[in-house]
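# Observations on the model geometry
Now for the letters of each chain:
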Amino acid sequence: MNLANKVLLALGLGICIGLAINFSGAGSIAWVDTYLINGLFHVAGKLFFNALQMLVVPLVLFSLIPGIVGIGDIRLLGKVGSKAVVLYIATTAIAISVGIGLAALAGIGEGLDITADQAFEGKQAAKSTVEIIIGVVPKNIIAAMSNGEMLAIIFFAIFFGIALLIKQKESKALISIIEQLNSIFMQMVEMVMVFAPYAVFCLVAKAIAELGVDLVVRLSGYFIVVMAALLIHAFVTQMLIFKVFTGLNVGMFIKKIRAAQIFAFSTSSSGATIPVTMRTMQERFGVDRAVSSFTVPFGATINMDGTAIMQGVATVFVANLYGIELGMAGYVTIVLTAVLASIGTAAVPAVGLVMLTLVFEQVGLPIAAIGIIMGVDRIVDMTRTAVNVTGDAVVTSIIAKSEGKMDLTVYNDPNIGEVHELHLEEFEKHGT
Ligand code: ASP
């Protein structure tokens, strides 16, 4: 069985075991909780998550720098950059409209009587637009790297890449070292991915085991609409956009993006998924590194279709719950603020909910009401992260195709670039 199918199987098994623990009430047995859920599942999942995150910064740096040297043309960078900004914002706006539309149609929250059982405060992570813009130029690159400030890292890599391009004659040795580092980090990503089936199982089993099923039932209107909107956006809207702009085979897209989606789903972090998305784009989709090494980390940072959908649905739900009339102006405000909020949302678990405070404030909804949907947000977060990552892949493909930077023979080959198991003989072979 190939790795992609093993990961899928692990996902299915993780869901089943998680549900079994949940329904049997085994989660409240002390040893299951201590040794299984918060022991084995937690530790194995976290190790994998950390290993992926460890690779993000060096991978972005060492992939983007030679990518820029490789383009050899700064104008292309400008074109790729401006297309990325426009497409990322436009797709997010479409996403949130899907969310609002579906929620308004379903009339969720109307006539319900629910109060928040968990208080929600916490605007601490919400950054204003001005702060985001200022943060693009880091005053300390080491601090930016250690904090994983992606926009700052991208800025530094581009700056460095341009300087290297200008000094390319004198810097041949350095360019080749960076190239080599890039290929070593890609190899490390592949090696981490080999452990994915076990890690995905642990991450998903833990999340589902801890899910409050009674909450899901109580909030079923919100939950079903959010999940439906996310699925519709991932499999209908985004695929339509992909087809219209690239003319490529949609089935192939769905098949090849699956691994990145599962990684995003199980880690709830588009940031931690960057290595997998980047590898998928380059090795499986045939997208030139010059494009993907920029659009993937950039997209993971500013493009959040799934998060915007959740924010749209949540706003309509809470407004209906409190009997607040939003009106057309309200809806337009939601779209605008959610687009900005999704740009400011860090690509890590659960931040989308924190950013929702911005949207609520703009349209005058009570922030404490976010506590109502908090209980089911774990699963929604997992799903919306998978949609976020799918959006990055769609936009990356559109840009690469339009710039002639996509190798279609690679894209159309279903098996190319699959991760293979590591065999001991391989180490021995390479070691001698
Ligand atoms: N978890 C999401 C991501 O990393 C962000 C969010 O909506 O909370 O893409």
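For the structure itself, look to the data block above.
So, here's what we can say about the structure. (Residues numbered from 1 in each chain as written. Predicted model: local features only at pLDDT ≥ 70, side-chain atom pairs only at ≥ 80, totals over all residues. Heavy atoms only, no water.)

### Some words on the overall build of the chain
In plain terms, the rule: A run of H or I in DSSP counts as a helix once it spans at least four residues, and a run of E counts as a strand once it spans at least two, with each numbered from the N terminus. When we talk radius of gyration, it's over C-alpha atoms, and the globule rule is simply 2.2 Å times the number of residues to the 0.38. Working definition: with a 1.4 Å probe on protein chains only, accessible area under 20% of the residue-type maximum means buried, over 50% means exposed, and in between means partly exposed. The criterion used for residue contact is that any of the two residues' heavy atoms lie within 4.5 Å. Positive charges are assigned to Lys and Arg, negative charges to Asp and Glu, while His and the chain termini are left out of the count. Here the site of a charge means NZ on Lys, CZ on Arg, CG on Asp, or CD on Glu.
Scanning the chain from terminus to terminus reveals 20 helices and 0 strands. Here the C-alpha radius of gyration of the chain, 22 Å, is about what a compact globule of 432 residues would show, namely 22 Å. Burial analysis of the chain (432 residues in total) assigns 54% to the buried set. Partitioning the contacts of the chain with sequence separation of at least 6, the portion at a separation of at least 24 is 84%. Looking at the chain, you have 25 positive and 29 negative side-chain charges, and the mean spots of the two groups are 9 Å apart.

### A closer look at helix α1 (residues 3-24)
Threshold: To estimate how far a helix should reach, multiply one less than its number of residues by 1.5 Å. Note that the arc is defined by the directions from the helix axis to the C-beta atoms.
For α1, which comprises 22 residues, the first-to-last C-alpha distance of 31 Å matches the rise-based estimate of 32 Å (1.5 Å per residue) to within 8%. Taken together, the buried positions of α1 are Leu-3, Val-7, Ala-10, Leu-11, Gly-14, Gly-18, Ile-21 and Asn-22. Projected onto a plane normal to the axis of α1, the buried residues spread over an arc of 105 degrees and lie on a single side. α1 presents Phe-23 and Ser-24 as exposed residues on the side facing more than 90 degrees away from its buried surface. The inward-facing, buried residues of α1 contact α2 (30-71), α7 (172-193), α8 (196-209), α9 (213-218) and α11 (250-267).

### Quick look at the site of the ligand
Test applied: For this purpose, a residue is taken to be near a molecule or strand whenever a single non-hydrogen atom of the residue falls within 4 Å of it. Polar contact is defined as a pair of N or O atoms within 3.5 Å, subject to the rule that within protein one atom must be able to donate a hydrogen and the other to accept it, and that residues adjacent in sequence are counted only when both atoms are side-chain atoms. Only the protein chains shown count as cover for residues, and all accessible areas are computed by the Shrake-Rupley method using a 1.4 Å probe. Buriedness of a pocket was judged along seven lines, with at least five required to meet protein on both sides within 12 Å; pockets are open sets of points on a 1 Å grid over the protein atoms alone, cavities are sets where a 1.4 Å probe fits but cannot get out, and lining residues have an atom within 4 Å of a point. For a cavity or pocket, the test is whether more than half of a molecule's atoms lie within 2 Å of its grid points; if they do, the molecule sits there. Lys, Arg, Asp and Glu make up the charged group, whereas Ala, Val, Leu, Ile, Met, Phe, Trp, Tyr, Cys and Pro make up the nonpolar group; the residues left over, Gly among them, are polar.
Of all residues adjacent to the ligand, which total 17 residues, the nearest are Ser-270, Thr-307, Gly-352, Asp-381 and Arg-384. Here an oxygen atom of the ligand sits 2.7 Å away from a polar atom, N or O, in the main chain of Gly-352. When the ligand sits alone it has 270 Å² of accessible area, and the protein chains cover 100% of it. Most atoms of the ligand, that is more than half of them, are within 2 Å of grid points of the largest cavity. Taken together, the elements giving at least two residues each to the shell around the ligand come down to α16 (351-363) and α18 (377-402). When residues of the shell around the ligand are assigned to their parent elements, the largest contribution, 4 residues, is made by α18. Across the shell around the ligand, the residue classes break down as 7 nonpolar, 8 polar and 2 charged.

### Description of the layout of surface pockets
Where we set the bar: Grid points are joined across faces, edges and corners, and a volume is the space filled by probe spheres set on the points.
Taken as a whole, the largest pocket spans an internal volume of roughly 730 Å³. Together, 29 residues line the largest pocket, and Asn-147, Gly-148, Glu-149, Met-150 and Ala-346 are the ones closest to its centre. Sorting the residues of the lining of the largest pocket by element identifies α2, α4 (129-135), α5 (141-146), α6 (150-166), α12 (270-284), α13 (289-302) and α15 (327-344) as the ones contributing at least two each. Looking at the lining of the largest pocket, its residues break down into 17 nonpolar, 9 polar and 3 charged. Of the pockets and cavities examined, the second largest pocket occupies roughly 470 Å³. Lining the second largest pocket are 23 residues, and of these Ile-132, Ile-133, Leu-151, Ile-302 and Ile-343 sit closest to its centre. Secondary-structure elements contributing two or more residues to the lining of the second largest pocket are α3 (74-106), α4, α6, α13, α15 and α16.

### Section: unusual backbone geometry
Positive phi, close to 55 degrees, is recorded for Ser-268, a residue that is not glycine. Mapped onto the elements, Ser-268 comes out in the loop between α11 and α12. Exposure remark for Ser-268: the relative accessible area of 1% places this residue in the buried category. Look at Ala-350: it is not a glycine, yet its phi comes out positive at around 70 degrees. Of note, Ala-350 is situated in the loop between α15 and α16.

### Observations concerning the packing of aromatic side chains
For any pair of aromatic rings, the description rests on two quantities: the centre-to-centre distance and the angle between the ring planes. Let me state the cut-off plainly: Two aromatic rings, drawn from Phe, Tyr or Trp (for Trp, its six-membered ring), form a pair once their centres lie within 6.5 Å of each other, and the interplanar angle then sorts them: stacked below 30 degrees, edge-to-face above 60, tilted otherwise. Only when the NZ of Lys or the CZ of Arg is both within 6 Å of the ring centre and within 35 degrees of the ring normal is a charge said to sit over the ring.
Under the definition given, this model contains 12 aromatic pairs. Summarising the aromatic geometry, the rings of Phe-41 and Phe-201 are spaced 5.7 Å apart at their centres and angled 90 degrees between planes, so their arrangement reads as edge-to-face. On the criterion of sequence distance, the pair formed by Phe-41 in helix α2 and Phe-201 in helix α8 is long-range, its members being 160 residues apart. Of the two residues, Phe-41 and Phe-201, both sit in the buried class. Residues Phe-156 and Phe-160 carry aromatic rings whose centres are separated by 6.0 Å and whose planes lie at 35 degrees to one another, so their mutual orientation is tilted. Placement of both Phe-156 and Phe-160 in helix α6 is noted, with a separation of 4 residues, approximately one turn of the helix. Judged by relative accessible area, Phe-160 falls into the partly exposed class, the value being 33%. A network of ring pairs unites the aromatic residues Phe-242, Phe-253, Phe-285 and Tyr-411 as a single cluster. The lysine or arginine in question, Lys-256, covers the ring of Tyr-411, its NZ or CZ lying 5.7 Å from the ring centre.

### As for the packing of α1 against α11
For any two helices packed against each other, the geometry comes down to the angle between their axes and how far apart the axes lie. What counts is decided by this rule: Lines fitted to C-alpha atoms define the axes here, with helix axes fitted over just the stretch in contact, and angles between the N-to-C directions of these axes take values from 0 to 180 degrees. Crossing chirality is assigned from the near helix's rotation relative to the far helix, an anticlockwise turn below a right angle marking it left-handed and a clockwise turn marking it right-handed.
Close contact between α1 and α11 brings their axes to 10 Å; oriented N to C, the two are set at 35 degrees. For the crossing formed where α1 meets α11, the hand is left-handed. The segment α1 lies against α11, with Ala-4, Asn-5, Val-7, Leu-8 and Leu-11 engaging Arg-258, Ile-262 and Phe-265. Class assignment for the residues of the contact of α1 with α11 results in 6 nonpolar, 1 polar and 1 charged.

### Digging into the packing of α1 against α8
Note the following rule: If an angle is under 35 degrees, it is roughly parallel; if it is over 145, roughly antiparallel; if it lies from 65 to 115, roughly perpendicular; otherwise it is oblique.
At their nearest, the axes of α1 and α8 sit 7 Å apart, and the two run at 25 degrees to each other. Taken together, the axes of α1 and α8 lie roughly parallel to each other. Crossing of α1 against α8: the hand is right-handed.

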